[in-house]
Amino acid sequence: MQFIVIALILQVCLGQDINDNSFPDDFMFGTATAAFQIEGAWNEDGKSPSNWDVDIHNNNSIVADGNNADIACDSYHKYKEDVAMMKAMNMNHYRFSIAWTRILPNGYGGEVNQKGINYYKNLIKELQLNDIQPFVTIFHWDLPQTLQDYGGLLNDSFVDWFSEYSTVLFRHFGDDVKWWITFNEPQSVCSGGYGAGIVPPLIKSPAIGEYQCVHNLIKAHAKAWRIYDQQFRKTQKGKVSISLNTHSHLPATDSKENRTAAETQQLFQLGIYANPIYLGDYPEIVKTRIAARSKAEGRSQSRLPAFTRDEIDFIRGTYDFFALNVYSAYLVNSIAEPPVTDPPSNWADIGVNTYQPDDWEKTSAEHIKVVPWTIRPLLNWIASHYNNPGIVITENGYPSWNGDKDDRRLYYIKNYLSYIRTTMEEDGVKVLGYTVWTLLDNFEWTSGFTQKFGLYEVDFKTLKRTRTPRPSSIFYGKVSKTRCLVEKCK
Ligand code: BGC
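Rules behind the numbers
- Residue positions within a chain follow its written sequence, with the count starting from 1.
- At least 70 in pLDDT is required for a residue's local features to be given in this predicted model, at least 80 for side-chain atom pairs to be given and counted, and no such filter applies to totals for whole chains, interfaces and linings, which use all residues.
- The side-chain quantities take in all heavy atoms of the structure and omit both hydrogens and water.
- Secondary structure counts use DSSP, requiring at least four H or I residues in a row for a helix and at least two E residues in a row for a strand, with both numbered from the N terminus.
- The cut-offs for exposure are 20% and 50% of the maximum accessible area for each residue type, with area from a 1.4 Å probe on protein chains only; residues under the lower value are buried, those over the upper are exposed, and the others partly exposed.
- In what follows, residue pairs with any heavy atoms lying within 4.5 Å of each other are defined as contacts.
- Accessible surface area values rest on a Shrake-Rupley calculation with a 1.4 Å probe, where residue burial reflects the displayed protein chains alone.
- Counted charges follow a simple rule, with Lys and Arg positive, Asp and Glu negative, and His plus the chain ends left uncounted.
- A charge is said to be at NZ when it belongs to Lys, at CZ for Arg, at CG for Asp and at CD for Glu.
- Here the bend at a residue means the angle between the axes of two seven-residue stretches, the one that ends at it and the one that starts at it.
- Being near a molecule or strand, for a residue, means having at least one of its heavy atoms within 4 Å of it.
- Any pair of nitrogen or oxygen atoms within 3.5 Å is treated as a polar contact; in protein, a donor-acceptor pairing is required on top of that, and neighbouring residues in sequence qualify only through side-chain atoms on both sides.
- In this count, Pro and Cys sit with the nonpolar residues alongside Ala, Val, Leu, Ile, Met, Phe, Trp and Tyr, while Asp, Glu, Lys and Arg are called charged and the others, Gly among them, polar.
- Disulfide: a pair of cysteine sulfur atoms within 2.5 Å of each other.
- Pairing of aromatic side chains requires ring centres within 6.5 Å, counting the rings of Phe and Tyr and the six-membered ring of Trp. Pairs whose planes differ by under 30 degrees are stacked, by over 60 edge-to-face, and all others tilted.
- Whether a charge lies above a ring is judged from NZ of Lys or CZ of Arg, which has to be within 6 Å of the ring centre and within 35 degrees of the ring normal.
- Any two strands between which DSSP finds at least two bridges are classified as paired.
- Angles run from 0 to 180 degrees between N-to-C directions of axes, and those axes are lines fitted to C-alpha atoms, restricted for helices to the stretch in contact.
- Reported orientations rely on four angle classes, namely roughly parallel under 35 degrees, roughly antiparallel over 145, roughly perpendicular from 65 to 115, and oblique for the rest.
- By convention, the crossing between two helices is left-handed when the near helix turns anticlockwise from the far helix through less than a right angle, and right-handed when the turn is clockwise.

Asks: When you look at the overall build of the chain in this model, what are you seeing that I'm missing?
Replies: A tally of helices and strands in the chain yields 17 helices and 17 strands. By principal-axis analysis of the C-alpha atoms, the chain measures approximately 55 × 55 × 50 Å. The buried share of the chain, taken over its 490 residues, is 61%. Taking all contacts inside the chain whose residues are at least 6 apart in sequence as the whole, residues at least 24 apart take part in 77%. Total accessible area computed for the chain in this model is approximately 19,100 Å², and 51% of it derives from carbon and sulfur atoms. Between the centroid of the 49 positive side chains of the chain and the centroid of its 56 negative side chains there is a distance of 4 Å.

Right under this line is the structure:
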């Protein structure tokens, strides 16, 4: 691992040639979106409000440009155009999410909204007609407000709410959907929604309870996976996993302390979710540090709830592949133990320092610097910690303001793919697919329409929401068609 990092730094300094080997024929190229960010039609056809609808309607100052997602890209009405755009890019799969509030307006089982079902049935049919695999995220942050009113993910009943909702989706769509993701980015949900939060996906939730959210979310994921496994897998033959997000965390220097610090950071961000699911139980360092700091705060119990033996066994192995969202990297160095604070923070629980050097290329998003070479050590880290599972990159993309710098988006995608190809060849890491965030400019949560991640530009000034391909979409379409990043592959 150390050797790889040093070799990579050298490669970066000396300049990296783009890998000129073809991608395997069955490697999947796709794009991703999320219901809240593109659909609009926020109250149409029986849909109930999600927590995001409600929070933004109550206070639009939480969004950078004061906009809301009531119309977004209007994909609820323009989904055929979206599919045609993907077809033009020769996409193999489309990762989209389902709005819980369209399917179960009450939030929990019971009455299923047929119009919501029809919308996704039509979308899936359109994808199939165009030879594009549906890759469905069950929960991408838009929680029914009816459930948020009862504490959302902090309520133990969330495990049942989520698995009932998932069961409805498997039942209605499972004959046609072979790739499922239970949750998008649990770390963003629990840290942003219920903790101190770097990313704010769920707004206005109590600023405590991050680990309770982690605990309930993992149990909900496992229950949904087991339901699929027991009731649907035999006939539907699909795969179910969870999209975990992290950065590449690299030791700032090669000292033992910094290597331990980088490992700790990665285990707190990724391992806290991946270890229970891929290996069984939380990472030791995570359990020990939170327990020690909880004790120092005068608590009789750790703030991280413990799984019972049965729960550990129930959760272990609830995956069919490894789904990864990754955008950038951080360097990590060790620091002195942070003081005990009230309220406690996840940052102090981890107890390391992370930073991005000034000479890493910036983008419009503070946490995204352009460092494609860092994907290789991260993929190796996942392969070595979790027994080399098949990995699908379910998000990776470049943000710009006002759509400028598309050339940098093209550079970003090309170089990420190049390092991924090299990691597959030279390190034997199994990468099955790659998904660009995102198909089209959309409602970027609290950044509103200010940040543009799209391969297609969307004109938000008129209700037509006209879509226009950017050069990066032409490039990506060619890669998907030729399986090759350069003019001619070997
Ligand atoms: C999320 C997307 C978001 C993207 C860019 C990811 O963390 O899953 O919903 O739009 O990052 O910020």
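Asks: Explanation requested: helix 10 (residues 210–236) in the structure shown.
Replies: One turn of an α-helix holds 3.6 residues; hence residues three or four places apart share an orientation. Along helix 10, the sharpest kink reaches roughly 50°, centred on glutamine 230. Downstream of helix 10 by one or two residues, lysine 237 has phi in the positive range, about 55°.

Asks: I keep staring at the site of the ligand and nothing clicks. Help me out?
Replies: The local shell around the ligand consists of Gln37, His140, Trp141, Asn184, Glu185, Tyr327, Glu395, Trp437, Glu444, Trp445 and Phe453. Separating an oxygen atom of the ligand from a side-chain N or O atom of glutamine 37 is a distance of 2.8 Å. Within the side chain of asparagine 184, an N or O atom sits 2.8 Å from an oxygen atom of the ligand. Considering only residue class, the shell around the ligand consists of 5 nonpolar, 3 polar and 3 charged.

Asks: Can you walk me through helix 3 (residues 51–58) in this structure?
Replies: Of all the residues in helix 3, the buried ones are Asn51, Trp52, Asp53, Asp55 and Ile56. On its buried face, helix 3 is in contact with helix 2 (35–38) and helix 7 (145–148).

Asks: Explanation requested: the state of the cysteines in the structure shown.
Replies: Covalently bonding the sulfur atom of one cysteine to the sulfur atom of another cysteine gives a disulfide. Under the criterion given, the structure shown has 2 disulfides. Paired through a disulfide, cysteine 190 and cysteine 213 show a sulfur-sulfur distance of 2.1 Å. Disulfide cysteine 190-cysteine 213: the torsion about the S-S bond is -70°, which places it as left-handed. Here cysteine 190 is found in helix 9 (residues 186–194), whereas its partner cysteine 213 is found in helix 10, with 23 residues between them in sequence. Through a disulfide, cysteine 484 is tied to cysteine 489; the S-S separation comes to 2.2 Å. Classification of the bridge connecting cysteine 484 and cysteine 489 rests on its S-S torsion, roughly 100°, and on that basis the disulfide is right-handed. In this structure, cysteine 484 and cysteine 489 share a single accessibility class: buried. For the chain, numbering the cysteines in disulfides from first to last along the sequence yields the connectivity 1-2, 3-4.

Asks: Hey, could you run me through the packing of aromatic side chains in this one?
Replies: A ring pair, where both rings are aromatic, is described by two values, the distance of the centres and the angle of the planes. This model, assessed by the stated rule, comprises 44 aromatic pairs. Ring centres of phenylalanine 170 and tryptophan 180 lie 5.1 Å apart, and the angle between their planes is 85°; on these two criteria the pair is classed as edge-to-face. Of this pair, phenylalanine 170 sits in helix 8 (residues 158–173) while tryptophan 180 is found in strand 4 (residues 179–184), placing the two residues 10 residues apart along the sequence. Assigned by exposure class, phenylalanine 170 and tryptophan 180 land together as buried. One aromatic cluster in this structure is built from Phe36, Trp52, Trp141, Phe443, Trp445, Phe449 and Phe460. When the ring centre of tryptophan 179 is taken as reference, the NZ or CZ atom of lysine 239 above it lies at 5.3 Å. Here arginine 408 stacks its cationic end above the ring of tyrosine 411, 4.1 Å away from the centre of that ring.

Asks: So what exactly am I meant to see when it comes to the sheet that holds strand 3 (residues 133–139) here?
Replies: In a beta sheet, neighbouring strands pair by backbone hydrogen bonds and run either parallel or antiparallel. One closed barrel holds the 8 strands; their spatial order is 1-2-3-4-5-7-12-14, and the pairing between them is parallel. Taken pair by pair, the neighbouring strands of this sheet meet at an average axis angle of 25°, ignoring direction. Examined bridge by bridge, strand 3 and strand 4 share 4 bridges and lie parallel to one another. Residue pairing for strand 4: phenylalanine 135 is matched across the bridge by tryptophan 179. Sitting on the sheet, helix 9 is in contact with strand 3, strand 4 and strand 5 (239–245), with an inclination near 50° to strand 5.

Asks: Help me out: how do you make sense of the packing of helix 16 (residues 406–427) against helix 17 (residues 471–482) in this one?
Replies: What describes two packed helices is the angle between their axes and the distance between those same axes. It is the contact of helix 16 with helix 17, at a shortest axis distance of 8 Å, that shows an interaxial angle of 25°. One finds that helix 16 runs roughly parallel with respect to helix 17. Both helix 16 and helix 17 take part in a crossing whose hand is right-handed. Between helix 16 and helix 17, the contacting residues are Asp406, Arg409, Leu410, Ile413, Lys414 and Leu417 on the first element and Pro471, Ser472, Phe475, Tyr476 and Val479 on the second. Looking at the contact of helix 16 with helix 17 residue by residue, the class counts come to 7 nonpolar, 1 polar and 3 charged.

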